[in-house]
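# Inside the fold
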There are 2 protein chains.
Amino acid sequence: MNNNIYIQKAQIFKALSNPVRLEIIDFLADGEKCVCEIVENLNYEQPHISKSLIKLKEVGLIKDRKEGSNVYYSLKICCVGEFFNCLNKILKECID
Amino acid sequence: MNNNIYIQKAQIFKALSNPVRLEIIDFLADGEKCVCEIVENLNYEQPHISKSLIKLKEVGLIKDRKEGSNVYYSLKICCVGEFFNCLNKILKECID
DNA sequence: TATCCATATTCCAATATTGGCATATAATAT
DNA sequence: ATATTATATGCCAATATTGGAATATGGATA
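This structure is a prediction, so every number in the text was calculated from the model and none was measured. (Residues numbered from 1 in each chain as written. Chains lettered and ligands numbered in written order. Predicted model: local features only at pLDDT ≥ 70, side-chain atom pairs only at ≥ 80, totals over all residues. Heavy atoms only, no water.)

In this fold, Leu61(B) is placed in the loop between helix 4 (46–58) and strand 2 (62–67). When its relative accessible area of 1% is taken as the criterion, Leu61(B) is described as buried. Discounting chain neighbours no more than four positions away, the residues touching Leu61(B) are Ile90(A), Ile12(B), Ala15(B), Leu16(B), Leu56(B), Leu75(B), Lys76(B) and Ile77(B). (Helix = DSSP H or I, 4+ residues; strand = E, 2+ residues; numbered from the N terminus. Buried < 20%, exposed > 50% of the residue type's maximum accessible area, 1.4 Å probe, protein only. Contact = heavy atoms within 4.5 Å.)

Another point: the protein's contact with DNA strand D. Residues in contact with DNA strand D amount to 23 residues; listed here are only the nearest, Cys36(A), Gln46(A), Ser50(A), Asn70(A) and Lys51(B). Per the 4 Å cut-off to the protein, sugar and phosphate atoms form 60% of the nearby atoms of DNA strand D. One of the side-chain nitrogen or oxygen atoms of His48(B) is found 2.9 Å away from a phosphate oxygen of DNA strand D. The side chain of Lys51(B) places a nitrogen or oxygen atom 2.4 Å from a base oxygen of DNA strand D. Elements that contribute at least two residues to the surface near DNA strand D include exactly helix 3 (35–41), helix 4 (46–58) and strand 3 (70–75) of chain A together with helix 4 of chain B. No other element matches the 5 residues that helix 4 of chain A contributes to the surface near DNA strand D. Classifying every residue of the surface near DNA strand D by side-chain character gives 9 nonpolar, 8 polar and 6 charged. (Near = heavy atom within 4 Å. Polar contact = N/O pair within 3.5 Å; in protein donor to acceptor, adjacent residues only side chain to side chain. Nonpolar A, V, L, I, M, F, W, Y, C, P; charged D, E, K, R; others polar.)

What follows is the structure, encoded as structure tokens:
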């Protein structure tokens, strides 16, 4: 049962464990974007971007909003800053 | 080249994307532990624990120290607190 | 040296992830 | 109704991850 928490957390990390999905998050840090904008900016096929977005949404990292035929995605993590600052620290230490 | 940063970050998240490895990190949050203590506390085969520790070490999340025939592992992340607080926030929001 | 204990490595089958391609759906416009 | 545009889904081969079982290594002790 307590093990469940580790499984849930692992799933969030799994969603983050892909360069394309990290690039999407970085792009969304700039603000809400529709799928087409993300596809234009990242050099990947539309279906791949779509699947990546869905995976990020499933674990609660981003949210979507439909408007006409467009779907707009945006970050749901309030603490992206702290989160990625820590990551950067780890990377910096790793280089030393 | 900038893509490399996403690959590196993804590798850190990949190391964290496993319940056993998260449990190990949680256990190490209590302080430095030798492999045998970790094996005793977590219900997994010694080789699995060993491999998990090596994976965490490879990405710079933990460090090791040999003393006789024992190897002691400890956290190398200074900012575990912030990091996991954010994660908990995401999990909480996800439930709502 | 022989043996014991702690840790790491290798091998493996089952399972999951990746990312492209083709296709489906759903909204909008003509 | 048909065509067009935006997004999602299904399928697939290549590749990676998982975690167990057996085995190897290396320090300590008798």
